[in-house]
Amino acid sequence: MDFGGSPSSSAASMPSNDVVMDQVKQQLAQQYAEEFFAVVRDKCFAKCIPKPGSSISSSEGTCVTRCVERYIEATGIVSKAVLQLGQR
Amino acid sequence: MDADQKRASFELQQFLEQEKQKAMLNELVAKLTEVCWDKCVTGAPGAKFSGSESSCLTNCAQRYLDVSGLVVRKFQGMQR
């Protein structure tokens, strides 16, 4: 097995920085999206489905829709508040 | 390492440090949003936030960070 002798030949077979950085950014974004989804799902289930029935009623469905929108909005409000505090 | 490799390695290190900072900030915002949602959005979610819900969220986030600072200073005081 030949692992490549000189330092420059092993560098040539490694992915470029740009490729690595893009992959890292993509994976971080994916992870963030998955975590965000899980939190919103849990919060909105807790808020909107106090007593689970045999199906989701139309008012429960509306509640979930609004809950998702409000939670996204809340994230924006909190994000702004944190950045403002950092600037004081 | 030759000069190109050193430069590439430094660029990558800087990038990773930046992404780490961004991720930590995102984590802080996510944690604050969870805590402040529970404190401030107590009823059914509406079609938009009321003024009091909005200001509650802002105040909650900032007071949480203030408390964080107070606790740190208290601990530091207790170590002397």
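Details of the structure are given in the entry above.
Residues numbered from 1 in each chain as written. Chains lettered and ligands numbered in written order. Predicted model: local features only at pLDDT ≥ 70, side-chain atom pairs only at ≥ 80, totals over all residues. Heavy atoms only, no water.

**Considerations on helix α1 (residues 3-40) of chain B**
- Its 38 residues give α1 of chain B an end-to-end C-alpha distance of 55 Å, which sits within 8% of 56 Å, the value for a rise of 1.5 Å per residue.
- Residues of α1 of chain B that are buried: Phe15, Glu19, Val29, Leu32, Thr33, Cys36, Trp37 and Cys40 of chain B.
- Residues of α1 of chain B that are buried in the fold lie against α2 (17-48) and α3 (58-87) of chain A together with α2 (51-79) of chain B.
- Put simply, Asp2 of chain B is the residue that caps the front of α1 of chain B, since its side-chain oxygen is 3.1 Å from the backbone nitrogen of Asp4 of chain B. (Helix = DSSP H or I, 4+ residues; strand = E, 2+ residues; numbered from the N terminus. Expected span 1.5 Å × (residues − 1). Buried < 20%, exposed > 50% of the residue type's maximum accessible area, 1.4 Å probe, protein only. Contact = heavy atoms within 4.5 Å. Polar contact = N/O pair within 3.5 Å; in protein donor to acceptor, adjacent residues only side chain to side chain.)

**Description of α2 of chain A**
- Relative to the 46 Å expected for 32 residues at 1.5 Å per residue, α2 of chain A spans 46 Å between its end C-alpha atoms, a close match to the ideal helical length.
- Among all positions in α2 of chain A, only Asn17, Met21, Val40, Lys43, Cys44 and Cys48 of chain A are buried.
- For α2 of chain A, the elements touching its buried residues are α3 of chain A together with α1 of chain B.

**Re the packing of aromatic side chains**
- Within this structure, the stated rule accounts for three aromatic pairs over all chains.
- Pairing Tyr32 of chain A with Phe36 of chain A gives two aromatic rings, centres 6.1 Å apart and planes at 15°, and the pair type is stacked. Taken together, the residues Tyr32 of chain A and Phe36 of chain A, both in helix α2 and four residues apart, mark about one turn of the helix.
- Each ring, one from Tyr71 of chain A and one from Trp37 of chain B, has its centre 5.0 Å from the other, and the planes form 55°; the classification is tilted. Here the residue Tyr71 of chain A occupies a position in helix α3, and Trp37 of chain B occupies one in helix α1, the pair thus bridging two chains.
- With relative accessibility at 2%, the residue Tyr71 of chain A sits in the buried group.
- Overall, Trp37 of chain B belongs to the buried group, its relative accessible area being 1%.
- Ring-pair connections join several aromatic residues into one group, and the members of that group are Tyr32, Phe36 and Tyr71 of chain A together with Trp37 of chain B. (Phe/Tyr/Trp six-rings, centres within 6.5 Å; stacked < 30°, edge-to-face > 60°.)

**A few points about the environment of Tyr71 of chain A**
- As for Tyr71 of chain A and Phe36 of chain A, which are separated by 35 residues in sequence, their C-alpha atoms are 10.0 Å apart.
- Apart from the residues within four sequence positions on either side, Tyr71 of chain A is in contact with Phe36, Val39, Val40 and Lys43 of chain A together with Ala30, Thr33, Glu34 and Trp37 of chain B.

**Observations regarding the state of the cysteines**
- This structure, assessed with the given rule, holds four disulfides over all chains.
- Disulfide pairing places Cys48 of chain A opposite Cys63 of chain A at an S-S distance of 2.0 Å. Because the sign of the S-S torsion sets the handedness, a value of about -70° for the bond joining Cys48 of chain A and Cys63 of chain A places this disulfide among the left-handed ones. Within this pair, whereas Cys48 of chain A is found in helix α2, its partner Cys63 of chain A is found in helix α3, the two being separated by 15 residues in sequence.
- Judged by relative accessible area, which is 4%, Cys48 of chain A ranks as buried.
- You can call Cys63 of chain A buried: its relative accessible area is 12%.
- A disulfide bridge connects Cys36 of chain B with Cys60 of chain B, and the sulfur atoms are separated by 1.9 Å. Its torsion about the S-S bond being -80°, the disulfide of Cys36 of chain B and Cys60 of chain B is classed as left-handed. Pair noted here: Cys36 of chain B is in helix α1 and Cys60 of chain B is in helix α2, with a separation of 24 residues, a long-range link. Summarising the burial analysis for this pair, Cys36 of chain B and Cys60 of chain B share the class buried.
- With its bonded cysteines labelled in order along the sequence, chain B shows the pairing 1-4, 2-3. (Disulfide = S-S within 2.5 Å.)

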